[in-house]
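Structural overview for review
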Amino acid sequence: MKKCKYCGKRYKENSIEHIEKLPDFIKEKIKFIPDCSCLEEMFKREMEKLEKERVHECMKNRVKKYKDISVVDNKFLESRFENADMSEKYMILAKRYADNFLVKNKKTGMLLYGDVGTGKTFASACIGNYLMEKGKTVMMINLGLYLNKLSREFGEAEKDILKQIEKCDLVIIDDFGTEKNLDDNSTGWRAEKIYNLIDTRYRSGKPLIISTNLIFNDDEEKCEITEKFSIQGKNRIRDRIIDMCFPVRVTGKSRRGITKDKFLEFMA
Ligand SMILES: [Zn+2]
């Protein structure tokens, strides 16, 4: 007699009524039936697996959508904690931020500031990519590229991006305040676009990370963000940032160019 190929239990005789009235070839097939639930369980597991795959696929598409509309260069998308120097204090902080982001309900933002080339961009990109791999929707915006995009594509581009800025789990604005040569005509336009971006995120009540070479200071007078973005004595951009982001000074070793140590070594 047939046995279940999973648990080995013998099949039992089928007790449905009028089995004898069925055609022979069917009768043959259902005369004995499994006396266990292995098949049902297999089926259930299979369905659960398919459902999991479907959810995972949805998540991947959702994450990809944000990745696609992010305005950053490719270097940004390749930054990973695995390739980081995790002895750097700010990298430890970045990793802890990312891990807590996944488990805590109430999320907070950060303002990473410090000298050029200290790895702020890399650290924030690591956070973004790590969270995307875990299924969070992250938008990464290089401010210079973003403003260029808006100046090229009038109208809808800003509206589309702001709509996503409102929705996604985390927004990262990189290279905040590096654009130069703000001539008088464009200063107002740029300031307005930057304010729209930050204010939209502010109203969503969700976290924002900003990385900037500008030096932040609690004293408005000494704060380079004030200096760069105040318009007619108003500090709307700085005010919003302070409301959303905890300032963290990043003082890593400079990664770009020749370090002081290298130079001194050469000169000795
Ligand atoms: Zn079985």
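Analysis parameters
- Residues numbered from 1 in each chain as written.
- Predicted model: local features only at pLDDT ≥ 70, side-chain atom pairs only at ≥ 80, totals over all residues.
- Heavy atoms only, no water.
- Domains from an automatic or database assignment.
- Salt bridge = Lys/Arg side-chain N within 4 Å of Asp/Glu carboxyl O.
- Helix = DSSP H or I, 4+ residues; strand = E, 2+ residues; numbered from the N terminus.
- Patch = residues over 30% accessible without salt bridge, like charges linked within 9 Å, V, L, I, M, F, W, Y side chains within 5 Å.
- Areas by Shrake-Rupley, 256 points an atom, 1.4 Å probe, with all protein chains shown as cover.
- Lys, Arg positive; Asp, Glu negative; His and termini not counted.
- Charge placed at Lys NZ, Arg CZ, Asp CG, Glu CD.
- Buried < 20%, exposed > 50% of the residue type's maximum accessible area, 1.4 Å probe, protein only.
- Pairing = 2+ DSSP bridges.
- Core = buried A, V, L, I, M, F, W, Y, C linked by side-chain atoms within 4.5 Å.
- Contact = heavy atoms within 4.5 Å.

In terms of domains, the protein is made up of domain 1 (6–36) and domain 2 (70–260). Computed from C-alpha atoms alone, the centre-to-centre distance between domain 1 and domain 2 is 67 Å.

Further remarks concern the pattern of salt bridges. Side-chain pairs of opposite charge can arise where the charged atoms are in close proximity. A complete count under the given rule lists 14 salt bridges for this structure. Note that lysine 12 is salt-bridged to aspartate 35, the shortest N-O span being 3.6 Å. Highlighted residues: lysine 12 in strand E1 (residues 12–13) and aspartate 35 in the loop between strand E2 (32–33) and helix H2 (38–69), separated in sequence by 23 residues. One salt bridge connects lysine 60 with glutamate 57, and the closest N-O pair in it is separated by 3.7 Å.

Time to look at a negative patch on the surface. Together, Glu220, Glu221, Asp239 and Asp243 give the surface a local cluster of negative charge. With respect to the element layout, glutamate 221 can be found in the loop between strand E6 (208–212) and helix H9 (224–229).

With that settled, consider the pairing of strand E4 (residues 138–142). Counting buried residues in E4 gives 5 out of 5 residues, a clear majority hidden from the surface. Along E4, one buried face is formed by Val138, Met140 and Asn142 and the opposite face, lined by Met139 and Ile141, is buried too. Pairing analysis gives 5 bridges linking E4 to strand E5 (residues 170–174), with the strands arranged parallel. Bridged to methionine 140 within E5 is isoleucine 172.

Before going further, it helps to spend a moment on the nonpolar core. Grouped together as the largest cluster of nonpolar side chains are 33 residues, with contacts concentrated most on Tyr146, Ile173, Phe176, Ile198, Ile210 and Ile241. The residues contacting isoleucine 241, other than those within four sequence positions of it, are Leu111, Phe176, Ile198, Ile210 and Ile225. Ranked by size, the runner-up nonpolar core spans 27 residues in total, among them Met110, Leu170, Ile209 and Val250.

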